[in-house]
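Per-entry structural report
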Amino acid sequence: MPSEIEQLYETDFYAWTRVQAKELRRLARARWNGPLDLKHLAIEVADMGSEVLHGMESQLERIIEHLLKLQHSPAEEPRAGWKASVRQARREIGRRMTPTLARKLRRSLPRHWAAGRDEARQALLDHGEAEAADRVPETCPYEFDQLLALDWYPQPPAA
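Here we summarise the structure given alongside this text. (Residues numbered from 1 in each chain as written. Predicted model: local features only at pLDDT ≥ 70, side-chain atom pairs only at ≥ 80, totals over all residues. Heavy atoms only, no water.)

**Let's talk about the overall build of the protein chain**
Here is the rule: Secondary structure counts use DSSP, requiring at least four H or I residues in a row for a helix and at least two E residues in a row for a strand, with both numbered from the N terminus. Only C-alpha atoms enter the radius of gyration, while the globule expectation follows 2.2 Å times N to the 0.38, with N the number of residues. Relative accessibility under 20% of the residue-type maximum defines a buried residue, over 50% an exposed one, and the middle range a partly exposed one, all with a 1.4 Å probe and only protein chains included. Residues are treated as being in contact if the distance between any of their heavy atoms lies within 4.5 Å. Reported accessibility uses the Shrake-Rupley method at a 1.4 Å probe radius. Residues are deemed covered only where the shown protein chains occlude them. Positive residues here are Lys and Arg, negative ones are Asp and Glu, while His and the chain termini are left out of the count. Lysine's charge is taken at NZ, arginine's at CZ, aspartate's at CG and glutamate's at CD.
Along the backbone of the protein chain there are eight helices and zero strands. When the helices and strands of the protein chain are listed from N to C terminus, the series reads α-α-α-α-α-α-α-α. Since a compact globule built from 159 residues should have a radius of gyration of about 15 Å, the 20 Å found for the protein chain marks it as more spread out than a globular shape. Over its C-alpha atoms, taken along the principal directions, the protein chain stretches across nearly 70 × 30 × 25 Å. Burial status across the protein chain gives 38% buried among its 159 residues. Across the protein chain, the fraction of contacts at a sequence separation of at least 24, relative to all contacts at a separation of at least 6, is 74%. As displayed, the protein chain offers around 9900 Å² of accessible surface, 52% of which is attributable to carbon and sulfur atoms. Averaging the locations of the 24 positively and 25 negatively charged side chains of the protein chain gives two centres separated by 5 Å.

**Examining the packing of aromatic side chains**
Rule in force here: When two rings of Phe, Tyr or Trp (its six-membered ring) have centres within 6.5 Å they constitute a pair, described as stacked for plane angles under 30 degrees, edge-to-face for angles over 60, and tilted for the intermediate range. Two conditions define a charge sitting above a ring: the NZ of Lys or the CZ of Arg must be within 6 Å of the ring centre, and it must be within 35 degrees of the ring normal.
A full pass over the atoms with the stated rule returns five aromatic pairs. Ring geometry for Tyr9 against Phe13: centres 5.8 Å apart, planes inclined by 75°, an arrangement best described as edge-to-face. Its relative accessible area of 40% is what places Tyr9 among the partly exposed residues. Ring centres of Tyr142 and Trp152 lie 5.3 Å apart, and the angle between their planes is 70°; this geometry places the pair in the edge-to-face category. Here Tyr142, found in the loop between α7 (130–135) and α8 (144–148), pairs with Trp152, found in the segment after α8; they are 10 residues apart in sequence, far enough to count as distant. In textbook terms, an aromatic cluster arises when at least three aromatic residues are bridged by ring pairs, as seen for Tyr9, Phe13 and Trp16. For the cation-ring pair, Lys83 lies above Tyr153, with the distance from its terminal atom to the ring centre recorded as 4.9 Å. The aromatic ring of Tyr153 is capped on one face by Arg90, whose charged end is 5.0 Å from the ring centroid.

**So, the pattern of salt bridges**
Just so we agree on the cut-off: When a carboxyl oxygen of Asp or Glu is within 4 Å of a side-chain nitrogen of Lys or Arg, the pair counts as a salt bridge.
In this structure the tally under the stated criterion is nine salt bridges. Where Asp145 meets Arg106, a salt bridge forms, and the shortest distance between an N and an O atom there is 2.9 Å. A residue pair is termed long-range when its members are at least 10 positions apart, and Asp145 in helix α8 and Arg106 in helix α5 (residues 99–107) qualify at 39 residues. Judged by relative accessible area, Arg106 falls into the partly exposed class, the value being 43%. Linking Glu138 and Arg117 is a salt bridge whose minimum nitrogen-to-oxygen distance equals 2.8 Å. With Glu138 in the loop between α7 and α8 and Arg117 in helix α6 (residues 109–126), this residue pair connects regions lying 21 residues apart in the sequence.

**Examining the nonpolar core**
Condition: Only buried residues count toward a nonpolar core. Its members are Ala, Val, Leu, Ile, Met, Phe, Trp, Tyr and Cys residues joined through side-chain atoms within 4.5 Å.
Formed by 28 residues in total, the largest nonpolar core has its most connected members in Leu60, Ile63, Ile64, Leu67, Leu68 and Leu147. Elements with a contribution of two residues or more to this core: α3 (38–72), α4 (79–96), α5, α6, α7 and α8. No other element matches the nine residues that α3 contributes to this core. Once residues lying within four places of it in the same chain are set aside, the contact partners of Ile63 are Val86, Ala89, Arg90, Ile93, Leu147 and Leu148.

**What about a nonpolar patch on the surface?**
As a reminder, the rule being used: Residues with no salt bridge and a relative accessible area higher than 30% make up the patches, which join like charges within 9 Å and nonpolar side chains (Val, Leu, Ile, Met, Phe, Trp, Tyr) within 5 Å.
Taken together, the side chains of Trp32, Leu36 and Leu41 define a hydrophobic patch exposed on the protein surface, amounting to about 270 Å² of accessible area. One can find Leu36 in the loop between α2 (13–29) and α3.

Given below as C-alpha cells:
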C-alpha cells in the first residue's frame, strides 16, 4: 500500500512538490550531513511544481481569450480555430488538474481574466473589430467550471 506522500505524488503533483521542497529546506536548515545539495534540490523541486502551475495559467488565459473572441467577434473564418484552441487548452488543463491547482486557479482567476481579456481585446482591435473589442466585459461573466467544461461555449454575437 502506498504511503501518504507516495499517494500525494500520484494525485496532486503540485502539492507533492511543495511538501518535498519544504522538507528539503528543513533538512538543509538542520545541517543534514549527506551527499545531496539540499538547498538547490529544494529550489528545483519547487520549480517543477511552479512550471506545471504556470503552464495551466497560460492555458486558462488562452481559453479566456478565445472564448471572448467567439462570443464577441462577428468574424466567421477563424471560429473553428478558436474552438480548437479552446478544446486543446481545456484538455491540457484537464490532464494536469489537481485539487490544489484547482484552488490556486480559482483564486487567481481575476488576474488571468485580465490577461486573457487584454489579449482578446487587442486581437479584435488588430482585426478592425473595435465595436467587438468594446463589448468585452471588464469582469469575468463565465463560471470557472464553464471555462474548463469541454462542451461549453458562449453564445456568438447576434447577427
